[in-house]
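Chains, contacts and geometry: an overview
Next come the chains, spelled out residue by residue.
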Amino acid sequence: MAERVRPAASVARYGLTDSRAQDMLRAAGWWTDDGPSENAIGVLSALARTPDPDLALLTLDRFRAADEESWQELDHTLHTNVVFRARLLAVLGCSTVLGDLLVSNPGQWRRLVPSSLTVPRDYSSRLADAVSSDSDMLTGILTGSEAVRALRVAYRGLLLEIAAEDLAHVVDPQLHQPSLTDITRALTELAEAALRAGLLVAQQEVGQKADGTLAVIAMGKCGARELNYVSDVDVVFVGGSDIPTATRLATALMRVVGQSCFEVDAALRPEGKAGALVRSLDSYESYYTRWARTWEFQALLKARPVAGDVELGQRYAELIAPMVWSAAEREDFVADVQRMRRRVERHVPTEIVDRELKLGRGGLRDVEFAVQLLQLVHGRVDHTLRSSSTVDALEALGAGGYVGRVDAAELRESYEFLRTVEHRLQLRGLRRTHLFPEQDDVERLRWLARACAVRRVKGKLESEVLTTEFRRHVRRIRRLHEKLFYRPLLEAVSKVPTEALRLTTEQAASRLAALGYVAPDGALRHIQALTSGVSRRAAIQQTLLPVLLGLLADTPDADGGLLAYRRVSEALADTPWYLRVLRDEGAVVERLATILGMSRLVPDLLVRAPEVLRLLGDLDALTGKPVEEVARSLRAAAGRQQGVKAAVASARSLRRHELLRVACADLLGLFDVRTVCVALSSVWTAVLQVALSAAIRQRTGEAGGERARIAVIGMGRLGSEELGYGSDADVLFVCEPANGATGEEAVKFATSVAEMVRGTLGAPSQDPPLVVDTDLRPEGRSGPLVRTLESYRAYYARWGEVWEAQALLRARVVAGDDDLGARFIDIVNPLRYPENGLPADKIREIRRIKARVETERLPRGSDPTTHTKFGRGGLADVEWTAQLWQLRYAHEIPELRTTSTLTALRTLADTGLADTDDIDALVYAWKLATRARNITMLVKGKPSDQIPTSGRELAAVARAFGCSADDDPGEFLDNYRRVTRRAHAVVQRLFYES
């Protein structure tokens, strides 16, 4: 037999798409006719993990051609030193400019070989050595273009080391990944070292030392120790007694560093570019005292001496500190900061505002402005907040309780994500940029994602994952910015004396609007009503509302939630424990806000069942009550009442409590859909039992004795224990004569009982209605309300139709005489589980009825893709499919003799009648549609089969399904449509084709 020839490997396997790639690999000695050289696989595998393998290989090829003498050494080191390999290839696959540096400066690659690179504290000495011609640091300093060239090479060499350390983990995930703080502080140390080296050159050129003459104050990101790879470095110059000489030093410094390293920007000085470049301490004091604007004190928060005369710089820092930390006392301070932020936003061109990392909505400036405002307001008395670093200040704000710990952690995570993206974008060409790539720029997005160490998730490409994450973080930053940037809220409306800024009503309203309140004037009225007066109740509300307003702002309907909170508070004003629970149990406040901001039904129930509020602090108590215990308690309590009305009133009260408990647990995501349905069905059944027993007692007394035994048969969702919050109770009433009564007397007695049950339960109420629906009885609405057992037997034997057999699949005894009910079930079993299955003509009839139902019952104007009952892949689709198969096969498969839709479906899969994947699709769709229907009822406050498709109602439904405030609620709709579309395809096969 001929030996099989192994096909040669392709360079594409290593992420290489350049047509010249194979030739370059051969020239490097890494490729043969059979594929990669045996000793080159490690290098090629690392190359494949770089952000841009083609760029990395091309730069290596240029290096080989430019410096053949050292290529062998470089090649050997690449093969033997995995840390060096990761550093070098990561840089070459990410940055064109640093690649050019390595090509044009032979030997620079050796900087990346040592296990430990240059530590930041040595940067100053390295750059000072670069501009020194001998050991005399004054007379031996390079000047002019020679100094600029030397400083540029040394600066970029150290920048190369920082980038290599930053990026190496992208190629080799086992290597240490430095934190963003490590990198920004290293970049800041490098910038400070450059300023000091530039000042050495300036001193040589001017012939004057900086000591006693000039101090350099870092501002902005340099002052905060949070520099980017490519940043202007903002500075302010402070002069001693000789201002002209200090000015010449500052001018020379800016020129030398600007030509070699980065632009030195002194525009933050008093009067900006029109003002003097260097001022004395007295001049600064005079200006800041008399003329400085609010934004200048905001900028001074980051001021820090970094070069020149140390004592002079320190005196400047001591001069400005009291001014910075009293700036919040200035008139209209907060409004000024707000206006500055809005002005920055307005200057961002519309076409790029969604991609602007720095200045756009949800960008880096949103974080920085919010943090700085809180620092300046609260840092007057809390010295732990006086940090120039945004990240450190944010951590201190969280630790001090000025920002929620979760908010602080989320804001830091999102801030660091955007900073990382910004760094990678700037590294590509070492130019200042803050623009996220356009959506259709797939190649650039892919490179950026790989540079950020983003990997594929659940089949999504790296570019898609990165874009999704970018949008999520931007939305989160904007939400938290508005939440934090617009505090405090209550000084104006509660009139609480404070040394902090007292907001006008107009300012408070604008901040409420920024938090997400659509009607801030109405919100202010609610706040005023709750906090007015000097009562203890008002004092507690003044403490609660700052927290509650922020929590409600995170819900889909902040205005509705605040109104609901006011209604509940006013209704429970005389309940002694209400505000105490809210004040002392933070978990109760958080969960209450979540629920009130999502549901219109819960507040209506809560004002009439306030005791459930206490359960919000104990999730075990909220969720752990067995349904049997609930039903038993309800029957016992109502059974002690005299008369039907009193018994039903007691049952309603307990049902209201249970309905609210289940709704709260459901909205908080603590119950699955089956648990909710069983709990609601159980309490409905108990209410029916109470009403029936009370009605029988009353009619027995009026008639002088019991004339009939009565059983109530649950049908529809009551029979299958699949009730929702707004479901009616479908039932049949069955009777038989008792105590010697005739059949006619029994029917008359039972009919009066049934009418009393229906009338009492269906009486108008503030609670969700208790409608007892008997339309599924023989002959429908035109038939008698109650029949005897023998009448049912005769009717079904002679007249029973296939749709009635289908309806009886859910028949279950729920109340009354158990023996009578069991005999009724025995009568209907042959009809609903027909011997030998369902004949072909009956199958066609069911299919025809379903087709008619789909045409006639879907309300006009409804969206069939989001209608939970009659829509595509909705409840009717799934249930009719399960019921058809029950009618066909339950006679031979006992497990199909169940009233439960889910149990019937699972049996189809377990017995091999249907494919497991198909059944899983139907089960998932049924659960999703059932819960969506339930949640829609809670959100709207009234029954609805149509899922909201926009606005706050959709956002509330999506939130109940676990979507966060940062997520697009449209994704929930997309998922619903996707699930039900698949279920509908299964229905088409199982219902119509099988």
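Residues numbered from 1 in each chain as written. Predicted model: local features only at pLDDT ≥ 70, side-chain atom pairs only at ≥ 80, totals over all residues. Heavy atoms only, no water.

**Regarding the overall build of the protein chain**
When helices and strands are counted, the protein chain shows 44 helices and 12 strands. For 994 residues, the compact-globule estimate of 2.2 N^0.38 gives 30 Å, and the C-alpha radius of gyration of the protein chain, at 38 Å, exceeds that figure by more than 25%. Taken along its principal axes, the extent of the C-alpha atoms in the protein chain is 130 × 100 × 40 Å. Within the protein chain, buried positions represent 57% of all 994 residues. Residue pairs at least 24 apart in sequence account for 73% of intrachain contacts in the protein chain once pairs closer than 6 positions are excluded. Measuring between centres, the 131 positive side-chain charges of the protein chain sit 4 Å from its 133 negative side-chain charges. (Helix = DSSP H or I, 4+ residues; strand = E, 2+ residues; numbered from the N terminus. Rg over C-alpha atoms; globule rule 2.2 N^0.38 Å. Buried < 20%, exposed > 50% of the residue type's maximum accessible area, 1.4 Å probe, protein only. Contact = heavy atoms within 4.5 Å. Lys, Arg positive; Asp, Glu negative; His and termini not counted. Charge placed at Lys NZ, Arg CZ, Asp CG, Glu CD.)

**Details of the environment of valine 786**
In this structure, valine 786 sits in strand S11 (residues 786–788). Residue classification places valine 786 among the buried residues on the basis of a relative accessible area of 3%. Considered as a pair, valine 786 and methionine 598 are 188 residues apart in the sequence and their alpha carbons are 42 Å apart. Not counting the four nearest positions on each side in its chain, valine 786 is found in contact with Phe733, Val734, Cys735, Val747, Ala750, Thr751 and Ala754.

**Digging into the confidence of the model for the protein chain**
Confidence in the prediction for the protein chain averages 88 pLDDT; 94% of positions are at 70 or higher. Contacts from residues 1–7, a stretch scored under 50 in pLDDT, to residues over four places away or in other chains number one contact. Taken as a whole, residues 487–503 scores under 50 in pLDDT and shows 43 contacts with residues more than four places along the chain or in a different chain. (pLDDT = per-residue confidence, 0-100.)

**Here's the deal with the pattern of salt bridges**
Under the criterion given, the structure shown has 53 salt bridges. The partner of aspartate 920 in a salt bridge is arginine 906, with the nearest N and O atoms 2.8 Å apart. Remark: arginine 906 occurs in helix H41 (residues 901–910) and aspartate 920 occurs in helix H42 (residues 916–940); sequence separation between them is 14 residues. Several salt bridges converge on common partners, so that one network encompasses Glu410, Glu413, Arg476, Arg479 and Asp554. (Salt bridge = Lys/Arg side-chain N within 4 Å of Asp/Glu carboxyl O.)

**So, the packing of H42 against helix H43 (residues 951–960)**
For any two helices packed against each other, one specifies the crossing angle of their axes together with the interaxial distance. Relative to each other, H42 and H43 sit at 130°, their axes nearing to 9 Å. When the axes of H42 and H43 are compared, the pair comes out oblique. Here the hand of the crossing between H42 and H43 comes out right-handed. Together, Arg931, Ile935, Thr936, Val939 and Lys940 of H42 and Glu953, Ala956, Val957 and Ala960 of H43 make up the contact between the two elements. Looking at the contact of H42 with H43 residue by residue, the classes come out as five nonpolar, one polar and three charged. (Axes fitted to C-alpha atoms, helices over the stretch in contact; angles between N-to-C directions. Parallel < 35°, antiparallel > 145°, perpendicular 65-115°, else oblique. Left-handed = near helix turned anticlockwise from the far one by under 90°. Nonpolar A, V, L, I, M, F, W, Y, C, P; charged D, E, K, R; others polar.)

**Considering a negative patch on the surface**
A surface patch of negative charge is lined by Glu438, Asp440, Asp441 and Glu443. Here glutamate 443 lies in helix H19 (residues 442–451). Accessibility expressed as a relative area gives 59% for glutamate 443, which makes it exposed. (Patch = residues over 30% accessible without salt bridge, like charges linked within 9 Å, V, L, I, M, F, W, Y side chains within 5 Å. Areas by Shrake-Rupley, 256 points an atom, 1.4 Å probe, with all protein chains shown as cover.)

**Thoughts on a positive patch on the surface**
A grouping of Arg293, Arg342, Arg343 and Arg346 is seen on the molecular surface, where their side chains present a positively charged patch. Note that arginine 293 resides in the loop between helix H12 (281–290) and helix H13 (294–300).

**A word on the packing of aromatic side chains**
Applying the stated rule across the entire model yields 15 aromatic pairs. Ring geometry for tyrosine 14 versus tryptophan 31: centroids 6.4 Å apart, planes at 90°, classification edge-to-face. A residue pair is termed long-range when its members are at least 10 positions apart, and tyrosine 14 in the segment before helix H1 (21–28) and tryptophan 31 in strand S1 (residues 31–32) qualify at 17 residues. Assigned by exposure class, tyrosine 14 and tryptophan 31 land together as buried. Among the aromatic residues, those joined into a ring-pair cluster are Tyr284, Tyr287, Tyr288, Phe297 and Tyr316. Across from the ring centre of phenylalanine 991, 5.5 Å away, lies the NZ or CZ of lysine 850, which sits over that ring. Between the NZ or CZ atom of arginine 931 and the centre of the ring of phenylalanine 961, over which it lies, the distance is 4.9 Å. (Phe/Tyr/Trp six-rings, centres within 6.5 Å; stacked < 30°, edge-to-face > 60°. Lys NZ or Arg CZ within 6 Å of the ring centre and 35° of its normal.)

**Here we look at empty space enclosed by the protein**
Taken as a whole and assessed by the stated rule, the structure comprises six cavities of 30 Å³ or more. Of the pockets and cavities examined, the largest cavity occupies roughly 70 Å³. Taken together, Leu180, Thr181, Thr184, Arg185, Arg225, Glu226, Ser389, Val391, Asp392, Tyr415, Glu416 and Arg419 make up the lining of the largest cavity. For the lining of the largest cavity, the secondary-structure elements that each account for two or more residues are helix H9 (180–206), helix H17 (390–399) and helix H18 (405–429). In terms of residue count, H9 provides more of the lining of the largest cavity than any other element does, four residues in total. The residue inventory of the lining of the largest cavity, partitioned by class, reads three nonpolar, three polar and six charged. (1 Å grid on protein atoms, 1.4 Å probe; cavity = no way out; pocket = protein on both sides within 12 Å on 5 of 7 lines; lining within 4 Å. Points joined across faces, edges and corners; volume = space filled by probe spheres on them.)

**Examining helix H23 (residues 520–531)**
Taking 1.5 Å as the rise per residue, H23 with 12 residues should run 16 Å; its terminal C-alpha atoms sit 16 Å apart, in good agreement. Following H23 by one or two positions, glycine 533 has its phi on the positive side, about 90°. (Expected span 1.5 Å × (residues − 1).)

**A word on the side chain of glutamate 368**
Note that glutamate 368 resides in helix H16 (residues 364–378). A relative accessible area of 4% means that glutamate 368 is categorised as buried. At a separation of 2.9 Å, a polar atom in the side chain of glutamate 368 contacts the side chain of tyrosine 415. Residues contacting glutamate 368, with those up to four places away along its chain left out, are Lys221, Thr390 and Tyr415. (Polar contact = N/O pair within 3.5 Å; in protein donor to acceptor, adjacent residues only side chain to side chain.)

**Looking at the side chain of arginine 304**
Within the fold, arginine 304 resides in strand S7 (residues 304–308). For arginine 304, the side chain forms a polar contact with the side chain of glutamate 192, separated by 2.7 Å. Apart from residues no more than four positions distant in its own chain, arginine 304 is found in contact with Thr188, Glu192, Val216, Ile217, Ala218, Cys222, Gly223 and Arg225.

**Let's talk about the environment of alanine 647**
Its place among the elements puts alanine 647 in helix H32 (residues 644–667). Distance from alanine 647 to aspartate 182, taken between C-alpha atoms, is 71 Å for residues 465 residues apart in sequence. Apart from the residues within four sequence positions on either side, alanine 647 is in contact with Ala638, Gln641, Val690 and Ala694.

**Description of the nonpolar core**
Here is a general trend for soluble globular proteins: nonpolar side chains tend to be buried in one another's company. Among the nonpolar cores identified, the biggest contains 166 residues, and Tyr565, Leu582, Leu761 and Phe824 are the most heavily contacted of them. Tallying contributions element by element places helix H33 (residues 673–703) first for this core, with 14 residues. Residue contacts for tyrosine 565: discarding those within four places in its chain leaves Leu530, Gln541, Leu544, Leu545, Leu548, Tyr578, Leu579, Leu582, Leu592 and Leu596. (Core = buried A, V, L, I, M, F, W, Y, C linked by side-chain atoms within 4.5 Å.)

**Observations concerning unusual backbone geometry**
Non-glycine residue glutamate 271 carries a positive phi angle of around 70°. Its place among the elements puts glutamate 271 in the loop between strand S5 (264–265) and strand S6 (278–280).

**Digging into helix H36 (residues 789–798)**
Along H36, the positions that sit buried rather than exposed are Leu789, Tyr792, Tyr795 and Tyr796. The buried residues of H36 occupy an angular sector of 130° when the element is viewed end-on, so they sit on one face. The exposed residues of H36 that point more than 90 degrees off its buried face are Ala797 and Arg798. Looking at the packing, one finds that the buried side of H36 touches strand S9 (729–737), S11, helix H37 (802–807) and helix H38 (818–832). (Arc of directions from axis to C-beta.)

**Re the pairing of strand S3 (residues 214–218)**
With respect to burial, S3 is a largely interior element, five of its five residues being buried. In the sheet, S3 pairs with strand S4 (residues 233–239) via five bridges, with the strands oriented antiparallel. Bridging across to S4, valine 216 finds its partner in phenylalanine 237. Both S3 and S7 contribute to a ladder of four bridges, which runs antiparallel. Paired with valine 216 across the two strands is alanine 307, which belongs to S7. (Pairing = 2+ DSSP bridges.)

**Considerations on the packing of helix H39 (residues 840–857) against helix H40 (residues 875–889)**
It is the contact of H39 with H40, at a shortest axis distance of 11 Å, that shows an interaxial angle of 170°. Overall, the two elements H39 and H40 adopt an arrangement that is roughly antiparallel. Contact with H39, carried on its side by Ile843, Ile846, Arg847, Ile849, Lys850, Val853 and Glu854, involves Ala876, Asp877, Trp880, Leu884, Leu887 and Arg888 of H40 and no other residues of that element. The residue inventory of the contact of H39 with H40, partitioned by class, reads eight nonpolar, no polar and five charged.

**Details of the environment of isoleucine 527**
Of note, isoleucine 527 is situated in helix H23. A C-alpha to C-alpha distance of 9.6 Å links isoleucine 527 and leucine 563, two positions 36 residues apart in sequence.

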